[in-house]
Amino acid sequence: MADTNPNRTYEHIVRADKLSVAFGKVRALSDIDLAIGRNEIVGLIGDNGAGKSTLIKTLTGVIPPTSGHLFIRDQPVDWANFSVRRAHDLRFETVYQEKSLGEKQPLWRNFFVGRQITNRFGFIKVREQRRIANEILQRQLGFRGVGIDADSTVAKLSGGERQGIAIGRAMHFDADLIILDEPTTALAIKEVQKVLDFVRRIKASGRAAIYIEHNLAHVHALADRLVVLDRGRIVANIRPADMSLADLTLFLIDLQKTKIGAAA
Ligand SMILES: Nc1ncnc2c1ncn2[C@@H]1O[C@H](COP(=O)(O)OP(=O)(O)OP(=O)(O)O)[C@@H](O)[C@H]1O
Ligand SMILES: [Mg+2]
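Fair warning: this is a prediction, and the values are worked out from it, not measured in the lab. (Residues numbered from 1 in each chain as written. Chains lettered and ligands numbered in written order. Predicted model: local features only at pLDDT ≥ 70, side-chain atom pairs only at ≥ 80, totals over all residues. Heavy atoms only, no water.)

Asks: I tried to follow the site of ligand 1 on my own but got confused; where do I start?
Replies: Looking at ligand 1, the residues that line it are Phe23, Val26, Ala28, Asp47, Asn48, Gly49, Ala50, Gly51, Lys52, Ser53, Thr54 and His214. Note that an oxygen atom of ligand 1 is positioned 2.9 Å from one of the side-chain N or O atoms of Asn48. In the complex, 59% of the free accessible area of ligand 1, which totals 640 Å², lies under the protein chains. Where the shell around ligand 1 is concerned, the elements lending two or more residues are β2 (26–37) and α1 (52–59). Here the element with the most residues in the shell around ligand 1 is α1; it accounts for three residues. Partitioned by chemical class, the residues of the shell around ligand 1 number four nonpolar, six polar and two charged. (Near = heavy atom within 4 Å. Polar contact = N/O pair within 3.5 Å; in protein donor to acceptor, adjacent residues only side chain to side chain. Areas by Shrake-Rupley, 256 points an atom, 1.4 Å probe, with all protein chains shown as cover. Helix = DSSP H or I, 4+ residues; strand = E, 2+ residues; numbered from the N terminus. Nonpolar A, V, L, I, M, F, W, Y, C, P; charged D, E, K, R; others polar.)

Structure follows, in structure tokens:
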């Protein structure tokens, strides 16, 4: 799948410059410098409480930073005007594990939640929504001949397929940055493989992703770059080709040891 969007001419979809977030006395993020390329899959890893979720919440307008700057498509962000809504308008989509799809609703309805296609009288264009949903299922997600179409209900889908729907939605609405916060937690192995395939499709379609994942084997196999957070700071930028999975695992175990040492 080639990048079909000629407007993706910027260098970085997002770049943080000395970004810090404090919750009272807790410094959740300290001086984060991070640039995500236009078509880069970045794996964000680190222990519980390292600041991973806080970082993506700051990038998506959920939490304002205490200090620092943010650039989106190389343009500075004005914090006074930045919000979840604004990040959405700028084509950032976040996919959470618990993303709520309506269980009893057909898939086409779920695709268009909050973004209905209407005619000039405000009526929902059902046929068109159904057609587009089928197209996304087949072309973008490769749901061919598995008995799933736009009229299937969400209840019929496996966990991995649900994640796929959420990712497909993000792609259809032309998100340029798709953020996945542990999308595979609690999925069966077969389902995890489906989610990993969907992440590969994000890359193949010319977009960028930030992928938070506790399973090191998954991020190591998938990401172009791994960013390691530790107690609110970026402590390593790793290209998977330069560090084996075994060495990465040892590196993270050593980090934990220094943490225990620091607390003693
Ligand atoms: N709303 C909040 N109020 C106060 N403290 C918070 C808040 N959100 C996060 N924190 C604190 O900030 C730090 C970073 O939390 P964060 O949720 O970003 O970690 P994480 O890396 O996503 O962890 P996990 O892997 O467990 O999801 C933690 O010490 C956490 O307790
Ligand atoms: Mg988290």
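From this point, the narrative continues.
Asks: Looking at this model, I keep getting lost on the sheet that holds strand β4 (residues 67–72). Mind explaining?
Replies: In a beta sheet, neighbouring strands pair by backbone hydrogen bonds and run either parallel or antiparallel. Pairing within the open sheet is antiparallel, and its four strands lie in the order β2-β1-β4-β5. Each edge of the open sheet is held by one strand with a lone partner, namely β2 and β5 (75–76). Bridge count between strand β1 (residues 12–23) and β4: five bridges; the pairing is antiparallel. Residue pairing for β4: Ala16 is matched across the bridge by Leu70. Each of β1, β2 and β4 is contacted by α1, which is oriented at about 120 degrees to β1, the strand it contacts most. (Pairing = 2+ DSSP bridges. Contact = heavy atoms within 4.5 Å. Axes fitted to C-alpha atoms, helices over the stretch in contact; angles between N-to-C directions.)

Asks: Just checking my understanding: could you explain the packing of aromatic side chains for this structure?
Replies: Here a ring pair, both rings aromatic, is described through the centre-centre distance and the interplanar angle of the planes. Taken as a whole, this structure holds one aromatic pair when the rule is applied. Ring centres 5.8 Å apart and planes at 70 degrees place the aromatic pair Trp79 and Phe82 in the edge-to-face group. Judged by relative accessible area, which is 26%, Trp79 ranks as partly exposed. One Lys or Arg, Arg15, reaches over the ring of Phe71 and ends 4.3 Å from the middle of that ring. (Phe/Tyr/Trp six-rings, centres within 6.5 Å; stacked < 30°, edge-to-face > 60°. Buried < 20%, exposed > 50% of the residue type's maximum accessible area, 1.4 Å probe, protein only. Lys NZ or Arg CZ within 6 Å of the ring centre and 35° of its normal.)

Asks: Which parts of the structure should I look at to understand the pattern of salt bridges?
Replies: Between side chains of opposite charge, a pair can form when the charged atoms approach closely. Here the structure, examined in full by the defined rule, presents twelve salt bridges. Of the charged contacts, one joins Arg85 and Asp89 as a salt bridge, the two residues approaching to 4.0 Å between their closest N and O atoms. Within this pair, Arg85 and its partner Asp89 are both found in helix α2 (residues 84–89), separated by four residues, close to a single helical turn. A relative accessible area of 62% places Arg85 in the exposed class. Among the residues examined, Asp89 registers a relative accessible area of 47% and is labelled partly exposed. (Salt bridge = Lys/Arg side-chain N within 4 Å of Asp/Glu carboxyl O.)

Asks: Mind showing me how you'd approach α1 here?
Replies: Two residues of an α-helix separated by three or four positions point the same way, owing to the 3.6 residues in each turn. Within α1, six of the eight residues are buried, leaving the element largely enclosed by the surrounding structure. Buried residues of α1: Lys52, Thr54, Leu55, Ile56, Thr58 and Leu59, and no others. Positive phi appears at Gly61, one or two residues downstream of α1, with a value of about 80 degrees.

Asks: Could you clarify how one ought to interpret the environment of Leu216 in this entry?
Replies: Along the chain, Leu216 falls in helix α7 (residues 216–222). A sequence separation of 29 residues divides Leu216 from Leu245, and the C-alpha atoms of the two residues are 7.3 Å apart. If we skip the residues at most four places from it in the chain, Leu216 touches Ile45, Leu245, Leu248, Thr249 and Leu252.

Asks: I would appreciate a short explanation of the nonpolar core in the present structure.
Replies: The nonpolar side chains of soluble globular proteins are, as a tendency, buried together. With 31 residues, the main nonpolar core has Val14 and Leu55 as its most contacted residues. Listed by contribution, the elements that provide at least two residues to this core are β1, β2, β3 (41–45), α1, β4, β7 (177–181), β8 (208–212) and β9 (225–230). For this core, the element with the highest residue contribution is β1, accounting for five residues. Val14 has contacts with Leu34, Ala35, Ile36, Leu59, Leu70, Phe71, Ile72, Phe92 and Leu177, leaving out every residue within four places of it along the chain. (Core = buried A, V, L, I, M, F, W, Y, C linked by side-chain atoms within 4.5 Å.)

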